[in-house]
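# Structure at a glance
Residue strings, one per chain:
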Amino acid sequence: MSQDTIESILQEKRLFQPPAEFSQKAHIKSLEEYQALYDKAKADPEAFWAKLADRELDWFQKWDTVLDWQPPFAKWFVNGKINISYNCLDRHLTTWRKNKAALIWEGEPGDSRTLTYAQLHREVCQMANVIKQLGVQKGDRVGIYMPMIPEAAIAMLACARIGAVHSVVFGGFSAEALHDRLNDGKAKLLITADGGFRKDTAVGLKTQVDKALANNAVPTVANVLVVERTKQKIHMEPGRDHWWHDLQKGVSANCPAEPMDSEDMLFILYTSGSTGKPKGVVHTTGGYNLYTHMTTKWIFDLQDTDVYWCTADVGWITGHSYIVYGPLSNGATTLMYEGAPRNSNPGCFWDVIEKYGVTVFYTAPTAIRTFMKMGEHFPKARDLSSLRLLGTVGEPINPEAWMWYYRIIGNSNCPIVDTWWQTETGGIMITALPGAIPTKPGSATLPFPGIVVDVVDQDGEPVTNESGGYLVVKHPWPGMMRTLYNDPERFRRTYWEYLRPKNGEFVYFAGDGAHKDKDGYFWVMGRVDDVINVAGHRLGTMEVESALVSHPAVAEAAVVGKPDEIKGEEIVAFVTLENTQQPSDELAKELKQHVVKEIGAIARPGEIRFTEALPKTRSGKIMRRLLRSLAAGQEVTGDTSTLEDRAVLDKLRGGA
Ligand code: WTA
């Protein structure tokens, strides 16, 4: 982003106050109340979290120490015993919520299902018993590779119930990506479906599973549990593959929740970094339960009558924290939708809102921009008057999209919470509290109570107000990742030793650039590392490059992000070919398809640019900054003196 635009953004004059009638009924009712809560939490974070843990969650046994902080390793609620599936289900069954809708599901072809808390509990217990029968024990890892159907949430809760660690792999990932993740976690069981519906067509999941597991390529996976969704013809491997509906028959719906230690692993979720393979982010039980519970309650201001809808996929952290665990822990009604915005059904989101009377709606800027482009007559043709609160997540939202969301979807009377967070943070970190904090279009506003964030320079020292820098978190928080699976050193290096202030404190480096304006509002600008954000999906440039060079025609590849009107960023790959190869449109197509096969459709490069050589420094580092400018069609500015061979740049400019 150019300096001009940053300055104009920081000059933003528009300030939207929470509507008075919203604030009156909200959990946090005013800026003063937020400020008091924030100050109290900052003064004594442990007392703050302990009080909430005690008030909001059910424990089998109380903890004896709130926080054990051996930087960068944290333990929260030490020796406490808890089960998140119990907090999401059982405790609601003794209240009026027993027959309240827990999960409303809308399928892409228009089928639907509603599960009350009692019904969801029943299904979760049954799946938990089936998983046990298949030999899974406490601490074992279970892969979940599912479409957006209730069984995806049921599988997660069933694992949590018996203390198995789930590792959800987004259903859009390829067989290769699934294979790598299952092997890294040494999963014992995989829960999947025959297929799922994606944009009008049935896509196979089980076929990908068969490829991932072929020739015993994941030796630890002994069983595969298959949910029937699309009724596609699939292969069932005798002895390994089992239909869920067969095993569910006659299995007991009684399965007591296993008392878990607060710090027992709840799940692993893989996410992209700037180097190497995707990282297995580890979240544990007690702290994550509390953090997702509190953030959901206060940020989405959940009341008993709300119908809450988060449009993410359960394969991402947003789905984990804000479709499944946070809302259910609060006893809310959470909606799950299998479909996605597409040209053939441009009103699909608005139909769902109208059909179910959705009150709180949480989506991504890329979806908002897609709808903006389709035109406002689609939402205007639906009754969206049930909405009272809107949220966004996944990437910075441009003020224009924010205003459209506010006016067209929110009818200018719904607060917008722009929520900044990451897979690693477990829950939302910077956001407005909708009844309390006035919003500015494009700013995530202020930190959640208990969270201390700042913008620092390369030495880890705070920057003066309004100049940009790196976004950091300064104190441990209950929802924070505990480590990287099997790689504590990489965890330490990547997140906690990247920036070290002079006072020796440990600060968490998020990988994002940010500004803080004169009101203390945060403006998150995007990644400062080699991570690209395509339509809200995080991809490492290295991952895509490795996929490209695994093709026999490719000698070298460098991948950068290019600004895209809808997706935020699009992947541009600069590729040099082996001597025997000639550039062609066919080859470009083939390479794009190759990346899809290696990673999944979300990583498909928008553009492949063949080149004779890549611009490198004398020490052989690819100069991505130059490539980014070239990809964006901008003049290459700044220092190019370290470039080894200037002719390479001239050729690239010439479109070679
Ligand atoms: C980006 C998704 C600006 C950011 C929850 C972060 C955002 C990455 C916002 C994490 C936001 C997420 N404003 N940027 N409101 N929310 N991001 O792990 O770059 O898939 O580091 O978690 O998304 O992506 P992840």
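That block above? That's the structure.
For clarity, every value in this text was computed on a predicted model and none was experimentally measured.

Below, the discussion takes up the overall build of the protein chain. Regarding its fold elements, the protein chain presents 21 helices and 30 strands. Projected onto its principal axes, the C-alpha coordinates of the protein chain cover approximately 75 × 65 × 55 Å. Looking at the protein chain as a whole, 61% of its 656 residues are labelled buried. Counted over contacts in the protein chain with a minimum sequence separation of 6, partners at least 24 positions apart contribute 70%. Taken as a whole, the protein chain presents about 25100 Å² of accessible surface, with 49% of it coming from carbon and sulfur. Averaging the locations of the 72 positively and 81 negatively charged side chains of the protein chain gives two centres separated by 2 Å.

The subject of this paragraph is the layout of surface pockets. A volume near 370 Å³ is recorded for the second largest pocket. In terms of lining residues, the second largest pocket is bounded by 21 residues, among which Ser274, Thr494, Tyr498, Phe509 and Asp529 are the most central. Where the lining of the second largest pocket is concerned, the elements lending two or more residues are α17 (488-496) and β24 (508-516). Each residue belonging to the lining of the second largest pocket can be placed in one class, and the counts come to 8 nonpolar, 6 polar and 7 charged.

The next point concerns the site of the ligand. In the neighbourhood of the ligand, 17 residues make up the surrounding shell, with Asp418, Thr419, Thr423, Asp512 and Arg538 lying closest. Glu395 places a main-chain nitrogen or oxygen 3.4 Å from a nitrogen atom of the ligand. Taken by itself the ligand offers 530 Å² of open surface, and the protein chains cover 96% of this. Among the elements of the structure, α12 (317-329), β20 (416-419) and β25 (522-527) are those that each provide at least two residues to the shell around the ligand. Residues that form the shell around the ligand fall into these classes: 6 nonpolar, 6 polar and 5 charged.

Within the fold, Ala555 resides in strand β28 (residues 554-564). Classification of Ala555 as partly exposed rests on a relative accessible area of 35%. Sequence-distant contacts of Ala555, that is, excluding residues within four places in its chain, are made with Val549, Thr576, Leu577 and Glu578.

Sheet architecture is open: 3 strands sit in the order β28-β29-β30, paired in mixed fashion. Across the chains shown, the open sheet's two edge strands, defined by having one partner strand only, are β28 and β30 (607-610). Across the sheet, the axes of successive neighbouring strands diverge by a mean angle of 25°, strand direction being ignored. Across 10 bridges, β28 lies against strand β29 (residues 568-577) in antiparallel orientation. For Ala558, the partnering residue across the bridge sits in β29 and is Phe574.

This brings us to the packing of helix α5 (residues 84-93) against helix α6 (residues 117-133). The geometry of α5 relative to α6 is characterised by a closest axis approach of 9 Å and an angle of 130° between their N-to-C directions. It follows from the interaxial angle that α5 and α6 lie oblique. The hand of the α5/α6 crossing is left-handed. Judged by residue contacts, Ser85, Cys88, Leu89, Asp90, His92 and Leu93 of α5 engage Tyr117, Ala118, Leu120, His121 and Val124 from α6. Among the residues making up the contact of α5 with α6, the classes are represented as 7 nonpolar, 3 polar and 1 charged.

Pairing within the open sheet is antiparallel, and its 4 strands lie in the order β21-β22-β24-β25. Across the chains shown, the open sheet's two edge strands, defined by having one partner strand only, are β21 (453-456) and β25. Direction aside, the axes of adjacent strands within the sheet are offset by 45° on average. With 4 bridges joining them, strand β22 (residues 469-473) and β24 adopt antiparallel strand pairing. Along β24, the bridge assignment pairs Val473 with Tyr508.

For the rest of this paragraph, the subject is the pattern of salt bridges. Pairing is possible between side chains that carry opposite charge, provided their charged atoms lie close to one another. The full count for this structure, using the stated rule, is 46 salt bridges. Taking the shortest distance from any N to any O, the salt bridge between Asp261 and Lys81 comes out at 3.0 Å. Placement of Asp261 in strand β13 (residues 260-261) and of Lys81 in strand β3 (residues 81-82) is noted, with a sequence separation of 180 residues between them. Of the charged contacts, one joins Arg369 and Glu395 as a salt bridge, the two residues approaching to 2.9 Å between their closest N and O atoms. Taken together, the residues span a long stretch of sequence, with Arg369 in helix α14 (residues 365-374) and Glu395 in the loop between β19 (389-393) and α16 (399-409) at a distance of 26 residues. A relative accessible area of 10% means that Glu395 is categorised as buried.

Moving on, we get to the nonpolar core. If you look at the biggest cluster of nonpolar residues, it comprises 174 residues, and the most contacted ones within it are Trp49, Ile191, Phe300, Tyr325, Leu548 and Val575. When residues of this core are assigned to their parent elements, the largest contribution, 10 residues, is made by helix α7 (residues 150-162). The residues touching Ile191, leaving out its near neighbours within four places in the chain, are Met127, Ile131, Val142, Gly143, Ile144, Tyr145, Met146, Ala155 and Leu225. Counting 33 residues, the second-largest nonpolar core is a separate cluster that includes Phe349, Tyr356, Val358 and Ile368.

Reading guide: rules and limits
Residues numbered from 1 in each chain as written. Predicted model: local features only at pLDDT ≥ 70, side-chain atom pairs only at ≥ 80, totals over all residues. Heavy atoms only, no water. Helix = DSSP H or I, 4+ residues; strand = E, 2+ residues; numbered from the N terminus. Buried < 20%, exposed > 50% of the residue type's maximum accessible area, 1.4 Å probe, protein only. Contact = heavy atoms within 4.5 Å. Areas by Shrake-Rupley, 256 points an atom, 1.4 Å probe, with all protein chains shown as cover. Lys, Arg positive; Asp, Glu negative; His and termini not counted. Charge placed at Lys NZ, Arg CZ, Asp CG, Glu CD. 1 Å grid on protein atoms, 1.4 Å probe; cavity = no way out; pocket = protein on both sides within 12 Å on 5 of 7 lines; lining within 4 Å. Points joined across faces, edges and corners; volume = space filled by probe spheres on them. Nonpolar A, V, L, I, M, F, W, Y, C, P; charged D, E, K, R; others polar. Near = heavy atom within 4 Å. Polar contact = N/O pair within 3.5 Å; in protein donor to acceptor, adjacent residues only side chain to side chain. Pairing = 2+ DSSP bridges. Axes fitted to C-alpha atoms, helices over the stretch in contact; angles between N-to-C directions. Parallel < 35°, antiparallel > 145°, perpendicular 65-115°, else oblique. Left-handed = near helix turned anticlockwise from the far one by under 90°. Salt bridge = Lys/Arg side-chain N within 4 Å of Asp/Glu carboxyl O. Core = buried A, V, L, I, M, F, W, Y, C linked by side-chain atoms within 4.5 Å.

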